[in-house]
Every structure is written in structure tokens, then in C-alpha cells.
Amino acid sequence: MDAADILASVLVLGIIIVSLLSNVVVLICFLYDPEIRKQVPGLFILNLTFCNLLLSVSNMPLTLIGLVTTGHPGGSDFCQIVGFLDTFLTTNSMLSMAALSIDRWVAVVFPLSYHSRIRHRDAVLALAYTWIHSLCFSTVATCRSWVGYHHLYASCTLCNVRTRAAGTQFIIFTVALHSLTFLLTLIVLCVTYLKVLKVARFHCKRIDVITMQTLVLLVDIHPSVRQKCLDEQRQRRQRAIKKISTFIGTFVVCFTPYVITRIVELFSPWPISPHWGVLSKCLAYSKAASDPFVYSLLRHQYRKTCNLLANKVLKRSPLNSSSLRMENTAARCQNNSNTTNNIQPTANKPVCP
């Protein structure tokens, strides 16, 4: 192993650890909090978490073994199963992100009719499509023996076929796969989230107009309060842009290098560096580690659930702490009452809140 392989191995190991821990936390929050389970986006997040967890325990460890041993991990049949999972899970996770973006677009653009437009039945149908779509491509690749160990990516995934006729079919299949998964998801993400940003900016402008009119009427308002209102307007716009950029940016940064490498590999007469192939695969794996933070753990409901779980594990529940404060207050009131009775025996006892 050279220095690049050691760095790549450490990177894959770090991605595995972060992906496992973060996705397990999301799964625990989903199972613990009934409010999260009632929400329609929770089904899409659950499916995305399932794909990320399965990818973390099946494909990523074999890539790590391939980097460490610089050879074929496992037998041919076992590698075909893992290659099937690689195609299925990656496709399924991309389509789940597209479904989440459509859900958020409907929630922002049609807030009053959201619950009638997006129901649990509709979410189940969307998930059924993502599974059928993913199973079709992964099954075709497996039946055509187009999955196996690929030395360029040090992983069990789609691999090229040597014969001319089969090679042409493989090229058509690979282009169709990435067009109907990566490109389709990217288009859906850009269209829906940019529309969400447009609506959010429109509402921000309306709020800004009302705020400015209020500030004009309040001529005696302190300059610091006026500046605070203006700062909140600017932060509101920046938060909307930051969220949209995170959703689209993480998808592009993580998947684009890998997809471009797969396409270039089909037509380029020159060999591609194995170090770049492994790096592009690591970037694709990193999406499984970043998804829990992008879609779940940074949201208020998940943060609240995580805090409750942490307090429960550490035995510092809010109920215990509040009851302890009430007991301390009652004890202080009792002491004050006894002191008052000793000084003024004829006075009425003070009433403690």
C-alpha cells in the first residue's frame, strides 16, 4: 500500500463510522418520536436512512478491504450480490432525495392544501416507484453479468464487458442508468428547490415591506432596535439560500465526480487513474454520511428528540430537573415561613407562589 491507498482507507473508514452512527441516530429518532412517524417526509427519510445503512454495512467495508489487500474481496458470486446492492441502493437513495424535494415544494407552494395533496398513501406509491425503478436497473445489470469487482474503484459495482456487442449494450445501459437516476434527480432538485427559494424570497419581501412600514411609523424607536430588525431580514434571506444550496450542493459535489468518471470511462481511450476512481467513489459514499445532517438531524424536531434521548440516557430528564427545582423552591418557602413565625407569631403566614 502506498500513501494514497492509506489515506483512502482512512477516509473510507471515517465515512463508514460517521454514516453508521448518524443514520442509526436518525432511525432511533424515527422509532422513538410518534410525531416524526406521523409526518409524510418521515417515510422518505426512513427509506433514505435504510439505503444509507445497508450501503454502509455492505459496500463500504468491501471497498475498505479492497484498498487494504489491493485485491478482489470475496468470491465472484458474493461480489455480484454486493454489486447488485450498490446499483440498487445508490439509485434508490437518489430517487428518495427527489421525492423529498417534491414534498417540500408542495409544502411551501401549496401550504393550505398540502395535507390533501401529499398523503401517506401517495408517499407509499412514490416509494414503490423508487424500489421498482431501482430493482429494474440492478436486476438487469446482474442478469447480464455487468456487476463485479472493478479495480478502478476498488469496489464491487458495474464493470465493463470486453466483447464489442456486449460492450455497446453496456454503454447504452450505463448512460440510461445515470440519465434516469442522477440526471433526473438533479433536474428535480434544481426545479423544485429553486421554486421553493422563489416563493420563500417572495414571502420575505412581503415581511420586509411590512417591517419597514412599521419602522417608519415608529419614529421614536431606538436605532439599535431598528438595526436588529434589518439584520433579521438579512439573516432570513441568507438562511433560505443556505438551505437550498446545501440540498443541491451536497448532491452535486458527492455524485457528479463519480458519474462523470463512469461516463468518461466508457469513451476515453486513455486509462483513468485508480486514485481518482477511488476518490470519486469515496465522494459518492460520503453522501450516505452527510444525508442524516442535511435532511434530518439539523431540523428542530430531530434535535428535540435527540436531546430527549440524551437526557433519558443520562437520567437528566426535564421532568426530574423541574421537580427538583420545585422541591427546592418549596423548601425555601418553608424555611422563610418558619422564620417569619418565630419573629412575628401573631402575623399571618406568608403565601409562597
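Residues numbered from 1 in each chain as written. Predicted model: local features only at pLDDT ≥ 70, side-chain atom pairs only at ≥ 80, totals over all residues. Heavy atoms only, no water.

- The name given to the chain in an unreviewed UniProt entry is G-protein coupled receptor 26, and the organism recorded there is Champsocephalus esox.
- Heading Function (unreviewed entry) of the UniProt record for the chain holds this comment: "Orphan receptor. Displays a significant level of constitutive activity. Its effect is mediated by G(s)-alpha protein that stimulate adenylate cyclase, resulting in an elevation of intracellular cAMP."
- The heading Subcellular location (unreviewed entry) in the UniProt record of the chain holds the text "Cell membrane". (UniProt positions renumbered as here; feature names shortened; annotations may be inferred.)

1. So, the overall build of the chain
Then, number 1: Looking only at helices and strands, one finds 11 helices and two strands in the chain.
Then, number 2: The buried share of the chain, reckoned over its 353 residues, is 42%.
Then, number 3: Counting only contacts in the chain whose residues sit at least 6 apart along the sequence, the fraction spanning at least 24 positions is 78%.
Then, number 4: Counting only carbon and sulfur atoms, one obtains 68% of the accessible surface of the chain, whose full area is about 19,800 Å². (Helix = DSSP H or I, 4+ residues; strand = E, 2+ residues; numbered from the N terminus. Buried < 20%, exposed > 50% of the residue type's maximum accessible area, 1.4 Å probe, protein only. Contact = heavy atoms within 4.5 Å. Areas by Shrake-Rupley, 256 points an atom, 1.4 Å probe, with all protein chains shown as cover.)

2. Side note on the packing of aromatic side chains
Then, number 1: Per the stated rule, a full pass over the model turns up 12 aromatic pairs.
Then, number 2: A ring pair is formed by tryptophan 146 and phenylalanine 170, whose centres lie 5.7 Å apart and whose planes are at 80 degrees; its orientation type is edge-to-face. Of this pair, tryptophan 146 sits in the loop between helix H6 (120-143) and strand E1 (147-150) while phenylalanine 170 sits in helix H7 (residues 164-217); the two residues are 24 residues apart in sequence, bridging distant segments of the chain. For the pair formed by tryptophan 146 and phenylalanine 170, the shared burial category is buried. (Phe/Tyr/Trp six-rings, centres within 6.5 Å; stacked < 30°, edge-to-face > 60°.)

3. Here's the deal with the packing of helix H3 (residues 41-69) against H6
Then, number 1: Relative to each other, H3 and H6 sit at 25 degrees, their axes nearing to 10 Å. Judged by the angle between their axes, H3 and H6 are roughly parallel. Packed against H3, whose contacting residues are Leu43, Phe44, Asn47 and Phe50, the element H6 presents His120, Ala123, Val124, Ala126, Leu127, Thr130 and Trp131 at the interface.
Then, number 2: In the contact of H3 with H6, the residues fall into eight nonpolar, three polar and no charged. (Axes fitted to C-alpha atoms, helices over the stretch in contact; angles between N-to-C directions. Parallel < 35°, antiparallel > 145°, perpendicular 65-115°, else oblique. Nonpolar A, V, L, I, M, F, W, Y, C, P; charged D, E, K, R; others polar.)

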